[in-house]
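Structural characterization, general
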Amino acid sequence: MMKRSKIIGCGSYLPERVVTNAELSAKLDTTDEWITTRTGIRQRHLAADGELTSDLALKAAERALENANIPASEVDMVVLATTTPDNTFPATATKVQDKLGMVNGAAFDIQAVCSGFIYGMAIADNFIKTSQCKTVVLIGAETFSRILDWEDRSTCVLFGDGAGAVVLRAGEAEPEVNVGESGHNRGTGILSTHLHSDGSTNELLYVDGGPSSTQTVGHVRMNGREVFRHAVTNLASIVGEALEANGLASEDIDWLVPHQANKRILDSTAKKLGLAKEKIVITVDRHANTSAASIPLALDEAVRDGRIKKGDLVLMEAMGGGLTWGAGLVRW
Ligand code: ACO
């Protein structure tokens, strides 16, 4: 029988330092009012000097393993989604693997910017479904503050640093039973993942540096209006695709855990889907956009405070540079 990936634990970590909009407006030609009304962001966490993506990732992974109540020795794969690796190589995931004290299996990074966690979920899920892996630690971790142009007010106010992780374990796919509002319940775990990209839109959101092009790290550049427009369209379409693949309707969603880019994108997506605002897990006000880390950070918050409960249908979606976008549907 085909295996099913079950989420057996989650964890997250935010750097200690909180930077408010007021603090930014003391150094930059911006205001708390502008940032709040356009984005819903009130503050962000920023990594301390010398605090690296691997440090954030390790803490989130350790918390997820503790929550899953399994030792690192049982993990056979570490998948780390990040756009801000410690170094160009080796993969930051190998550092996390080492610090977890894990020597079995494989560890690697993946790059899909803000969609990284969903891409990582699809990769981990496929390794589990095909029985190549039994237990995967999937992490989204970023120190995005290190690739921001702190003099560009149109981008630097939008992002923050952080990390989140989940532990995925192979389980049995329960037989399909006819319950729930639309008559479908395919059991627990990851039901499906859906990935897309469109490289013809590279220039809407990119970093103007890199090892092969400039031999510098570079800074984030963005056409905010166009990214906004694509986000609303692509996210509504990916949610539709995920629901349709499972014979479900938007009323069946208990929790939407979206990538946290902007409160207005979240509101527009909810409106397009006819989804009640109360069903959306929102952290963008406190975390800002933490790229690949935002979904597992939001997920961990909603699981720990008891909002997400066993049996709930949880939909995760994201869009990011590339453009890349995707969704993952999970029965908790
Ligand atoms: N403070 C004050 N004024 C600012 C700031 C700021 N921080 N940033 C830009 N402005 C000014 C601009 O200079 C412009 O001034 P002008 O009219 O005199 O030229 C004015 O505000 C309006 O600028 P726009 O860019 O048109 O503002 P818009 O309403 O589009 O909002 C924003 C900008 C918030 C970036 C919006 O386009 C957006 O949210 N886009 C989505 C981008 C996003 O979330 N990207 C994240 C990565 S991708 C992802 O994760 C989905």
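Since this is a predicted model, take the numbers as computed values, not measurements.

Looking only at helices and strands, the protein has ten helices and 13 strands in total. For a compact globule of 332 residues, the expected C-alpha radius of gyration is about 20 Å, and the protein comes in at 19 Å, within 12% of that figure. The principal-axis extents of the C-alpha atoms in the protein amount to approximately 55 × 45 × 40 Å. In the protein, once contacts between residues fewer than 6 apart in sequence are set aside, the share between residues at least 24 apart is 75%. A distance of 3 Å separates the average location of the 33 positive side-chain charges in the protein from that of its 42 negative side-chain charges.

In this section: the domain arrangement of the protein. Entries for the protein in the domain assignment read domain 1 (3-172) and domain 2 (186-331). Placing a centre on the C-alpha atoms of domain 1 and another on those of domain 2 gives a separation of 14 Å. Contacts between the two partners involve 54 residues from domain 1 and, on the opposite side, 53 residues from domain 2. At the boundary of domain 1 with domain 2, total buried surface from both sides reaches about 4100 Å², with 62% on carbon and sulfur atoms. Considering only the surface of domain 1 that becomes buried against domain 2, R4, C114 and I118 emerge as the three largest contributors, covering 16% of it. Across the contact surface, domain 1 and domain 2 share three salt bridges. In this structure, R42 and D285 form a salt bridge, with 3.1 Å as the shortest nitrogen-oxygen distance.

Around the ligand, the surrounding shell holds 21 residues, and the nearest of these are T30, R38, R225, H259 and N262. Starting from 1000 Å² of accessible surface for the ligand in isolation, the protein chains cover 76%. Top contributing element to the shell around the ligand by residue count: helix α7 (residues 224-245), with four residues. Shared between two domains, the shell around the ligand holds at least three residues of each, these being domain 1 (3-172) and domain 2 (186-331).

Using the criterion set out here, one finds zero disulfides in the structure. Left unpaired, C10 is separated from the closest cysteine sulfur, that of C133, by 20 Å. Unpaired in terms of disulfides, C156 finds its nearest cysteine sulfur in C114, a separation of 16 Å. The class of C156 is buried, set by a relative accessible area of 0%.

This next bit is on the sheet that holds strand β5 (residues 106-110). As summarised here, the arrangement of the five strands in space is β1-β7-β6-β4-β5, forming an open sheet in which the pairing is mixed. This sheet does not close on itself; its edge strands, each paired only once, are β1 (3-13) and β5. On average, each strand axis in the sheet is inclined to that of its neighbour by 20 degrees, with strand direction left out of account.

Let us look at the sheet that holds strand β11 (residues 255-258). Sheet architecture is open: four strands sit in the order β8-β13-β12-β11, paired in mixed fashion. Every interior strand has two partners, whereas the edge strands, β8 (189-197) and β11, have only one. When the angles between neighbouring strand axes are averaged without regard to direction, this sheet yields 15 degrees. Note that β8 and strand β13 (residues 324-331) share eight bridges and pair antiparallel.

How each quantity is defined
Residues numbered from 1 in each chain as written. Predicted model: local features only at pLDDT ≥ 70, side-chain atom pairs only at ≥ 80, totals over all residues. Heavy atoms only, no water. Helix = DSSP H or I, 4+ residues; strand = E, 2+ residues; numbered from the N terminus. Rg over C-alpha atoms; globule rule 2.2 N^0.38 Å. Contact = heavy atoms within 4.5 Å. Lys, Arg positive; Asp, Glu negative; His and termini not counted. Charge placed at Lys NZ, Arg CZ, Asp CG, Glu CD. Domains from an automatic or database assignment. Buried area = accessible area lost by both parts, 1.4 Å probe. Salt bridge = Lys/Arg side-chain N within 4 Å of Asp/Glu carboxyl O. Near = heavy atom within 4 Å. Areas by Shrake-Rupley, 256 points an atom, 1.4 Å probe, with all protein chains shown as cover. Disulfide = S-S within 2.5 Å. Buried < 20%, exposed > 50% of the residue type's maximum accessible area, 1.4 Å probe, protein only. Pairing = 2+ DSSP bridges. Axes fitted to C-alpha atoms, helices over the stretch in contact; angles between N-to-C directions.

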